[in-house]
Amino acid sequence: MEPPSSSSWVPKLFFIAIVFFFPYASSSSLHPLVVNSTVEHRNYTGISSFRVVNRRALLDCPWKNPYLQVTVKSSGNYTLSNEEFVSVTVSGVLHPSSDHWVAMISPSNSDVGACPLNEAGYLQTGDLSNLPLLCHYPVKAAFMSNDPDYLSCKKKECKKHHKKKSRSTPLKFSNPNTPLYAHISTTDSTATSMRVTWVSGSNEPQYVQYGNGKTLTSIVTTFSQEDMCSSVVPSPAKDFGWHDPGYIHSAVMTGLNPSSKFSYRYGSDSVGWSDQIQFKTPPAAGSNELRFLAFGDMGKAPRDASTEHYIQPGSISVVDSMIEEVKSGNVDSIFHIGDISYATGFLVEWDFFLHLISPLASKVPYMTAIGNHERDYIGTGVVYGTPDSGGECGVAYETYFPMPTPAKDKPWYSIEQGSVHFTVISTEHDWAPNSEQYQWMRKDMASVDRKKTPWLIFTGHRPMYSSDLLSVDPTFVAFVEPLLQQYKVDLVFFGHVHNYERSCSVYRAKCLAMPTKDTNGVETYDHNNYKAPVHAIIGMAGFTLDNFSEIVPSWSLKRVSKFGYGRVHATQEELKFELVNSNTRQAEDSFRIIKKAK
């Protein structure tokens, strides 16, 4: 039997890859507690259909199948370009099954034997199903049943129950050193400098060429398997989820003008150059107008029929909608407030995420806050001792997304753009009154010049207010909420809960003021007579959405469980927010905060 070919997108992985065909015997399905308990597992790395497949036991093959072959066709005949689809043909299968799948393994010398002892490692990530199949986790995979003709074989030889694992010829990348996936970020509030960060398979310094012939040399860094965290039981990042990241390059473009367009390219003559990319600097602190997008909990998903370790189903529609926003020229910056890639210890998925956001993040500043799935790990000095990062413990996040933070593993910072001062915190690091971060928060918000930047937006990952009470830490609220009130924070953005929820002007769970509708019917908060901050959960950017309970807290004014992101337009006297539905491109909610310029 030779089914029509199955296609799978191949990302740049900097290593030789190989495609395997895996027939296996079905064993137990997920434990009922895993299926039924979203509460228990909501903050862990989650369950996907492929993870279930990969946990089933691989039986030894008592019979040989001399006919089974796996071939891969690419445009370069076993030499892959940076990004392309490949056709995988599996022939000679004697007993087609819905359980059969093909997978890309990188590097090609990885151990693809059965490793039942890895089961304990998966327990850290909330996966309580049976046994891991492979010693090294597949990069990407596809079920053979994606080919509609695969299961319909009626030849007599198909009725024989023979099994054999088979592999293709190794596939090499034509240029594993190609520079890829640039994203930019601001370094200060002047908007006259911009950091460019990209990845490559080469550790030799590369360059950024920008403006009128200016050239900068990159600073090169990386991280290793030894940098990953682990416990008594090896973490995914330390063991079967590890994948070498190659090298991360960065350089800071200086001498720019605010609210201006420039172009750049990155790379070198030896490894190749990127295309010319046009980017936009944000407005400088104190200028009148700022337009930005904000969201949390996005992650990534494949654009083809393949499957991966962890998929966030709404991420593609959200990214596609934001790409159109950026093309319109009406976006000055983007804020992604935690749970960035959801790699959670399966390091290759950072490549998938960087590939997905590149059309956005290479053109406008992509600012981030750290979340539990980037940082949390057992015994590593964070507030929540859960294994949510899968052993990454912030290392991958801080390497890929260098923000203007005070030091390593102190992922808090502030930035001013236009009329807005952003205070960006880590909800995962100590925020108690005697902590370094708490003292920094207090000093930062006390120093804001409200004549220059009248709007103060406070943002981090875990919420203070949510209908999902299990996602709220009362101690965090008790310690930090008084600071928001004291320094008259206008708007608070949080994620972590995977939906959208907006509050009244709330303090200590009580509405101190309610919005009124303007002449256009838009709910408007009047901060000329400031009472309390407005809170908005914006964690609906990709992860499977959370439903709301029937109980509506008194402070909760709007609740939406649809994929999307926030669109904000801030002037000196008005801050307007719209919740954009990424599928319809329509606003599901909108509100204004107003105050007269001082």
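Reference entry: report on the structure contained in this document. Please read all numbers here as calculations on a predicted model, not as lab measurements. (Residues numbered from 1 in each chain as written. Predicted model: local features only at pLDDT ≥ 70, side-chain atom pairs only at ≥ 80, totals over all residues. Heavy atoms only, no water.)

1. Thoughts on the overall build of the protein chain
Here's step 1: Counting secondary structure elements, the protein chain contains 10 helices and 34 strands.
Here's step 2: The burial tally for the protein chain puts 59% of its 598 residues in the buried class.
Here's step 3: A separation of at least 24 residues holds for 76% of the contacts in the protein chain among residues at least 6 apart in sequence.
Here's step 4: Carbon together with sulfur atoms contributes 50% to the accessible area of the protein chain, which is approximately 22,600 Å² in total. (Helix = DSSP H or I, 4+ residues; strand = E, 2+ residues; numbered from the N terminus. Buried < 20%, exposed > 50% of the residue type's maximum accessible area, 1.4 Å probe, protein only. Contact = heavy atoms within 4.5 Å. Areas by Shrake-Rupley, 256 points an atom, 1.4 Å probe, with all protein chains shown as cover.)

2. With respect to the packing of aromatic side chains
Here's step 1: Inspection of every chain in the model, using the stated rule, returns 28 aromatic pairs.
Here's step 2: Taking the centre distance of 6.0 Å and the plane angle of 85° together, the rings of Tyr310 and Phe543 count as edge-to-face. Here Tyr310 is found in the loop between strand 19 (290–295) and helix 5 (315–327), whereas its partner Phe543 is found in the loop between strand 30 (534–538) and strand 31 (556–560), with 233 residues between them in sequence.
Here's step 3: With a relative accessible area of 14%, Phe543 lands in the buried category.
Here's step 4: An angle of 45° between the planes, with centres 5.8 Å apart, marks the rings of Phe493 and Phe577 as tilted. Of this pair, Phe493 sits in strand 25 (residues 491–494) while Phe577 sits in strand 33 (residues 574–581); the two residues are 84 residues apart in sequence, bridging distant segments of the chain.
Here's step 5: On the accessibility criterion, Phe493 (2% relative accessible area) is buried.
Here's step 6: Among the aromatic side chains, those forming a connected cluster through ring pairs are Phe223, Trp242, Trp350, Phe353, Tyr366, Tyr397, Tyr400 and Phe401.
Here's step 7: The ring of Phe352 is capped by Lys140, whose NZ or CZ atom sits 4.9 Å from the centre of that ring. (Phe/Tyr/Trp six-rings, centres within 6.5 Å; stacked < 30°, edge-to-face > 60°. Lys NZ or Arg CZ within 6 Å of the ring centre and 35° of its normal.)

3. Side note on the nonpolar core
Here's step 1: Within the largest apolar cluster, 76 residues are counted, with the highest numbers of intra-cluster contacts made by Met298, Phe401 and Phe493.
Here's step 2: Examining the composition of this core, we find that 7 residues originate from one element, helix 6 (residues 348–361), more than from any other.
Here's step 3: Beyond its immediate sequence surroundings of up to four residues, Phe401 is in contact with His183, Ile340, Trp350, Phe353, Leu354, Ile357, Tyr366 and Thr368.
Here's step 4: Grouped together as the second largest cluster of nonpolar side chains are 24 residues, Tyr465, Leu484, Tyr487 and Phe494 included. (Core = buried A, V, L, I, M, F, W, Y, C linked by side-chain atoms within 4.5 Å.)

4. Some points on helix 5
Here's step 1: With 13 residues, helix 5 should cover 18 Å at 1.5 Å per step; its first-to-last C-alpha distance of 18 Å lies within 8% of that length.
Here's step 2: Among the 13 residues of helix 5, 10 are classified as buried, and the element is accordingly described as predominantly covered.
Here's step 3: Gly329 sits one or two residues past helix 5 and shows a positive phi near 85°. (Expected span 1.5 Å × (residues − 1).)

5. What about the packing of helix 5 against helix 6?
Here's step 1: Where helix 5 meets helix 6, the closest approach of the two axes is 9 Å, and the angle between their N-to-C directions is 20°. On the basis of the axis angle, helix 5 is roughly parallel to helix 6. Pair helix 5 / helix 6 crosses with left-handed handedness. Touching Ser315, Ile316, Val319, Met322, Ile323 and Val326 of helix 5 are Leu356, Pro359 and Leu360, all from helix 6.
Here's step 2: In terms of residue class, the contact of helix 5 with helix 6 is made up of 8 nonpolar, 1 polar and no charged. (Axes fitted to C-alpha atoms, helices over the stretch in contact; angles between N-to-C directions. Parallel < 35°, antiparallel > 145°, perpendicular 65-115°, else oblique. Left-handed = near helix turned anticlockwise from the far one by under 90°. Nonpolar A, V, L, I, M, F, W, Y, C, P; charged D, E, K, R; others polar.)

6. Topic: the sheet that holds strand 20 (residues 333–337)
Here's step 1: Reading across the sheet, the 8 strands line up as 21-20-19-32-33-34-29-28 and stay open at both edges, with mixed pairing between neighbours. Two strands in the sheet have a free side with no partner beyond their single neighbour: strand 21 (366–369) and strand 28 (516–517).
Here's step 2: In terms of strand pairing, strand 32 (residues 564–570) meets strand 33 through 7 bridges, oriented antiparallel. Bridging across to strand 33, His569 finds its partner in Lys576.
Here's step 3: Here helix 5 sits on the sheet in contact with strand 19, strand 32 and strand 33, set at roughly 25° to strand 32. (Pairing = 2+ DSSP bridges.)

7. Some words on the side chain of Ser358
Here's step 1: Mapping Ser358 onto the fold places it in helix 6.
Here's step 2: Sequence-distant contacts of Ser358, that is, excluding residues within four places in its chain, are made with Tyr181 and Ala182.

8. Here we look at the pattern of salt bridges
Here's step 1: In total, this model carries 19 salt bridges according to the counting rule given.
Here's step 2: Ionic pairing is found between Lys410 and Glu436, a salt bridge with its closest N-O pair at 3.1 Å. Here Lys410, found in the loop between helix 8 (395–400) and strand 22 (413–417), pairs with Glu436, found in helix 9 (residues 436–446); they are 26 residues apart in sequence, far enough to count as distant.
Here's step 3: On the basis of relative accessibility, which here comes to 25%, the residue Lys410 falls in the partly exposed class.
Here's step 4: Across the pair Arg592 and Asp518 runs a salt bridge, and its minimum N-O distance is 3.1 Å. One end of the pair, Arg592, is in strand 34 (residues 587–594); the other, Asp518, is in the loop between strand 28 and strand 29 (523–526), and 74 residues separate them in sequence.
Here's step 5: By relative accessible area, which is 17% here, Arg592 ends up buried.
Here's step 6: Connected through shared salt-bridge partners, Glu325, Arg567 and Glu578 make up one network. (Salt bridge = Lys/Arg side-chain N within 4 Å of Asp/Glu carboxyl O.)

9. Here's the deal with the sheet that holds strand 11 (residues 194–200)
Here's step 1: Taken in spatial order, the 4 strands of this open sheet run 10-11-15-14, and their pairing is antiparallel. Two strands lie at the open edges of the sheet, namely strand 10 (180–186) and strand 14 (219–221), each paired on one side alone. Taken over all neighbouring pairs, the strand axes of this sheet differ in orientation by 25° on average, direction set aside.
Here's step 2: As judged from the 5 bridges shared by strand 10 and strand 11, these two strands associate in the antiparallel manner. Bridged to Ser185 within strand 11 is Arg195.
Here's step 3: The sheet contacts of helix 6 involve strand 10 and strand 11, and relative to strand 10 the element is tilted by about 60°.

10. A few points about the environment of Pro258
Here's step 1: On the secondary structure map, Pro258 appears in the loop between strand 15 (247–253) and strand 16 (261–268).
Here's step 2: Taking the C-alpha atoms as reference, Pro258 lies 5.0 Å from Pro283; in sequence the two are 25 residues apart.
Here's step 3: Apart from the residues within four sequence positions on either side, Pro258 is in contact with Thr190, Ala191, Thr192, Thr281, Pro282, Pro283 and Ala284.

11. Observations regarding the layout of surface pockets
Here's step 1: Estimated volume of the second largest pocket: approximately 490 Å³.
Here's step 2: For the lining of the second largest pocket, the secondary-structure elements that each account for two or more residues are strand 11, strand 14, strand 15 and helix 8.
Here's step 3: For the lining of the second largest pocket, the element with the highest residue contribution is helix 8, accounting for 4 residues.
Here's step 4: The residue inventory of the lining of the second largest pocket, partitioned by class, reads 11 nonpolar, 8 polar and 6 charged. (1 Å grid on protein atoms, 1.4 Å probe; cavity = no way out; pocket = protein on both sides within 12 Å on 5 of 7 lines; lining within 4 Å. Points joined across faces, edges and corners; volume = space filled by probe spheres on them.)

Note that all results are geometric; they support no functional claim without further evidence.
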